[in-house]
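# Coordinates in review
Chain by chain, the residues:
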2 protein chains.
Amino acid sequence: MKENDLLIQTIRQRVSLSNDEAQILCPFFRRKSLNKKEKLFPNGAVAHDVAFVLDGVLRVWAYDAEGHERTLQFAPTDWWITDLASFIKQTPSDWHVEAMENTEVLLISREDQLKLFEILPQLQTYFRVITENALVAYQQRLQEAMGAPALERYKAFCLKYPTLVDRIPQKYIASYIGVSPEFLSKMKSEILRAGKKLI
Amino acid sequence: MKENDLLIQTIRQRVSLSNDEAQILCPFFRRKSLNKKEKLFPNGAVAHDVAFVLDGVLRVWAYDAEGHERTLQFAPTDWWITDLASFIKQTPSDWHVEAMENTEVLLISREDQLKLFEILPQLQTYFRVITENALVAYQQRLQEAMGAPALERYKAFCLKYPTLVDRIPQKYIASYIGVSPEFLSKMKSEILRAGKKLI
DNA sequence: ATAATTTCTTAAACCAGATTAAGTGAATGG
DNA sequence: CCATTCACTTAATCTGGTTTAAGAAATTAT
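Below: a short report on this structure. (Residues numbered from 1 in each chain as written. Chains lettered and ligands numbered in written order. Predicted model: local features only at pLDDT ≥ 70, side-chain atom pairs only at ≥ 80, totals over all residues. Heavy atoms only, no water.)

The next point concerns the pattern of salt bridges. Per the counting criterion, the structure on display carries 18 salt bridges over all chains. Across the pair Glu152(B) and Lys155(B) runs a salt bridge, and its minimum N-O distance is 3.5 Å. Linking Glu152(B) with Lys155(B), this pair stays in helix 6 (residues 150-160), spanning 3 residues, or about one helical turn. Take Lys155(B): its relative accessible area is 23%, and that puts it in the partly exposed class. Here the salt bridges do not stand alone but share partners, grouping Arg110(A), Arg128(B) and Glu132(B) into one network. (Salt bridge = Lys/Arg side-chain N within 4 Å of Asp/Glu carboxyl O. Helix = DSSP H or I, 4+ residues; strand = E, 2+ residues; numbered from the N terminus. Buried < 20%, exposed > 50% of the residue type's maximum accessible area, 1.4 Å probe, protein only.)

In structure tokens, the structure reads:
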């Protein structure tokens, strides 16, 4: 059960959970290993599960109108990730949830998640709170996407995902902040040339 | 209590609520009238309350890096609205929540909302569900903002807020879809000239 | 090791949408 | 009821970021 320690610990940062309750919770989760480039569920399938990342990194992405990849979210260790629209309505998925490295996750199905909310009400509180926080984060990001120049968006990425900046290929960062890989490269070389410090 | 009918009815679209439970719920809400241009709370104050719109329209907006207004959300009848970041953490607000017409709302404070979640667990479920749905909507909107051309974003606005298209000044629609008022005007006249039909 | 592939950089031409400016019409207020 | 402000349009010019293309560097597979 050692692999569940990180999960319990993470949940306990937001709601209280006795050891007995933790024992109730654990069997709801299944462990899964994903190889680099492997997807959490097949393209177009329903996202049955939400994943809690133990180790590695996942990303959610889709093609935009012009056929470019756009990254919605990254998920390093102790983040939750899925195609939320598909997961909450159990409808076919529009997004790809893909491992960027060999990755270990814990999975829980929507059905089991809703069951768990009835058995352990604080779990519903936990997910309500992290959903509220995620909503705030997306509101801020939308505001940035519309009103802030690309360099500000790059800085915001660096603050949000400090562990990823020098770990994942730069083109995925570009697809997250919403610029072409060429332009991100140009921005970074301008920062260096000017000797500017980020943040 | 007639003014609470719309609230009860709206909640019952997602969770069950007996008449007795509805009677418990109602005293938690206070009614408030806002004049056109009036704000839900003073600039920089904490958003103590979340508002349920009975009649009229509110909008949430802030200035971007270049000093332009950016509209995050509109709320016509039966929508919920507040500065969510400020509301959930009870920290000073970054956003303006402002009436676009004379508007009637029901208010509940964060404190009372959390109390209510303990008294009526299905209310926590209700807010979890609408928060999940709002999160999905913001994910889609972010994807659009980054990858779709301005005309697509205008169409998406028209679908999302059909009651507002011919009701609010066009410059606020521009500030929502993320273009200058001049460019929205140009797009619309091009649609007309080409005799294209939206949607 | 070496070949094959992927990623990153640089630079020129290009474009969607911003900015500026000027004029017109519609609300609003005193 | 007039004056002022606010909302919308049109058009010229400008700009942040894209596209295209080509080469260099780093990974990955053989």
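This brings us to the protein's contact with DNA strand C. In the region of DNA strand C, 16 residues are neighbours, and Gln170(A), Lys171(A), Ser185(A), Ala150(B) and Ser180(B) sit closest. Here a phosphate oxygen of DNA strand C sits 3.5 Å away from a polar atom, N or O, in the side chain of Ser189(A). Take Ala150(B): an N or O atom from its main chain is 3.2 Å from a phosphate oxygen of DNA strand C. If you list the elements that add at least two residues to the surface near DNA strand C, you get helix 7 (170-177) and helix 8 (181-194) of chain A together with helix 8 (181-194) of chain B. For the surface near DNA strand C, the per-class residue count stands at 6 nonpolar, 6 polar and 4 charged. (Near = heavy atom within 4 Å. Polar contact = N/O pair within 3.5 Å; in protein donor to acceptor, adjacent residues only side chain to side chain. Nonpolar A, V, L, I, M, F, W, Y, C, P; charged D, E, K, R; others polar.)

Right, let's talk about the protein's contact with DNA strand D for a bit. Surveying the vicinity of DNA strand D reveals 16 residues, the closest of which are Val179(A), Ser180(A), Gln170(B), Lys171(B) and Ser185(B). Taking the atoms of DNA strand D that fall within 4 Å of the protein, sugar and phosphate contribute 71% of them. Note that a phosphate oxygen of DNA strand D is positioned 3.2 Å from one of the side-chain N or O atoms of Lys36(A). Take Ala150(A): an N or O atom from its main chain is 3.3 Å from a phosphate oxygen of DNA strand D.

Just distances and angles here, no functional claims.
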